[in-house]
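A structural walkthrough
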Amino acid sequence: MTVSGIDRLHSQLSKLEDMFPGYLTEIVEGSIVMNPVRPFHGKTILRVSASLESQLSAEWALVSDVAFPFDDANEFCPDIAVIPAEAEAENRSFYPADLIEFVAEVVSPESVRRDYEIKPRRYASQGIANYVILDPLRGHAVAMWNPGPEGYRGRDTIPYGPDLTLDSPLGKLTVPTSRLPVDPKARPQA
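These numbers were taken from a predicted model, which means no experiment stands behind them.

1. Thoughts on the overall build of the chain
Scanning the chain from N- to C-terminus turns up four helices and 12 strands. Of all 190 residues assigned to the chain, the portion counted as buried reaches 48%. Sequence-distant contacts, at least 24 apart, represent 53% of the contacts inside the chain between residues at least 6 apart. Looking at the chain as shown, the accessible area adds up to about 9,400 Å², and 52% of this sits on carbon and sulfur atoms.

Below is the structure:
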């Protein structure tokens, strides 16, 4: 797909979001996917973003729910992505996926497969060093690192409570999990 084709497609997706407020729209494996946004989702993004932002140097910036076309069949809008501050200052509605240095997704009932199976493969194949899944449905965080063509080779799962510490190209990052919301119907993890 050409840049103008991506611009045109993203323009159409933006119209869909405008028609359905409260939904996040992405292209996943060639299909347009719309997810309702829930309070726990937003609260998780806000708390983690505030913590991460204070740890980043001035040359890095956080963006949320901004489109990143990966290829013709995948345009993700990560819940949290870290990109160069210079690029963020352009205030665009989408950016090249190769700008992402760190990415995090918050799981919703509709996004379980995408967040745990599809996105790790795409993020790893793009060379994104760290991918974090924040899961209020299970009350845990999953940190993935060491990207390869088939996915991440390293993975840790911790229950919400202790801090999640990541060694990243951005430096050591700490994600406090003790105040992250957990769905009352969460399935405890062994």
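2. Quick notes on the nonpolar core
Counting residues in hydrophobic clusters, the biggest one holds 25 residues, and the most contacted among them are Phe68, Phe70, Ile100 and Tyr123. Those elements that place two or more of their residues in this core are strand E4 (68-71), strand E6 (80-84), helix H4 (112-125), strand E8 (130-135) and strand E9 (140-148). Excluding anything up to four places from it in sequence, Phe70 contacts Glu75, Phe76, Ala97, Ile100, Arg122, Tyr123, Gln126 and Ile128. The next biggest cluster of nonpolar side chains, apart from the first, holds 22 residues, and it includes Leu62, Phe102, Leu134 and Tyr160.

3. Concerning the environment of Arg179
Topologically, Arg179 is positioned in the segment after strand E12 (171-175). Residues Arg179 and Arg47 lie 132 residues apart in sequence; the distance between their C-alpha atoms is 8.1 Å.

4. Digging into the pattern of salt bridges
For the coordinates displayed, the defined rule picks out six salt bridges. Across the pair Asp71 and Arg122 runs a salt bridge whose closest N-O atoms are separated by 3.3 Å. Here Arg122 lies in helix H4 and Asp71 lies in strand E4, a separation of 51 residues in the sequence. With a relative accessible area of 32%, Asp71 lands in the partly exposed category. Put simply, Asp167 and Lys172 hold a salt bridge, and the shortest N to O gap is 3.0 Å. On the basis of relative accessible area, Lys172 is assigned to the exposed category, the value being 56%. Salt bridges here are not isolated pairs; linked through shared partners, they connect Glu105, Asp115 and Lys119.

5. Description of the packing of aromatic side chains
Counted under the stated rule, the structure contains six aromatic pairs. When the ring of Phe76 is compared with that of Tyr123, the centres are 5.7 Å apart and the planes differ by 85°; the resulting orientation is edge-to-face. Highlighted residues: Phe76 in strand E5 (residues 74-76) and Tyr123 in helix H4, separated in sequence by 47 residues. The residues Phe76 and Tyr123 share a single accessibility class, namely buried. Members of the aromatic cluster, joined through ring pairs, are Phe70, Phe76, Tyr123, Tyr131 and Tyr152. The ring of Tyr95 carries Arg92 above its face, with NZ or CZ at 5.6 Å from the centroid. Over the face of the ring belonging to Phe76 we find Lys119, whose NZ or CZ atom lies 5.1 Å from the ring centre.

Rules of the game
Residues numbered from 1 in each chain as written. Predicted model: local features only at pLDDT ≥ 70, side-chain atom pairs only at ≥ 80, totals over all residues. Heavy atoms only, no water. Helix = DSSP H or I, 4+ residues; strand = E, 2+ residues; numbered from the N terminus. Buried < 20%, exposed > 50% of the residue type's maximum accessible area, 1.4 Å probe, protein only. Contact = heavy atoms within 4.5 Å. Areas by Shrake-Rupley, 256 points an atom, 1.4 Å probe, with all protein chains shown as cover. Core = buried A, V, L, I, M, F, W, Y, C linked by side-chain atoms within 4.5 Å. Salt bridge = Lys/Arg side-chain N within 4 Å of Asp/Glu carboxyl O. Phe/Tyr/Trp six-rings, centres within 6.5 Å; stacked < 30°, edge-to-face > 60°. Lys NZ or Arg CZ within 6 Å of the ring centre and 35° of its normal.

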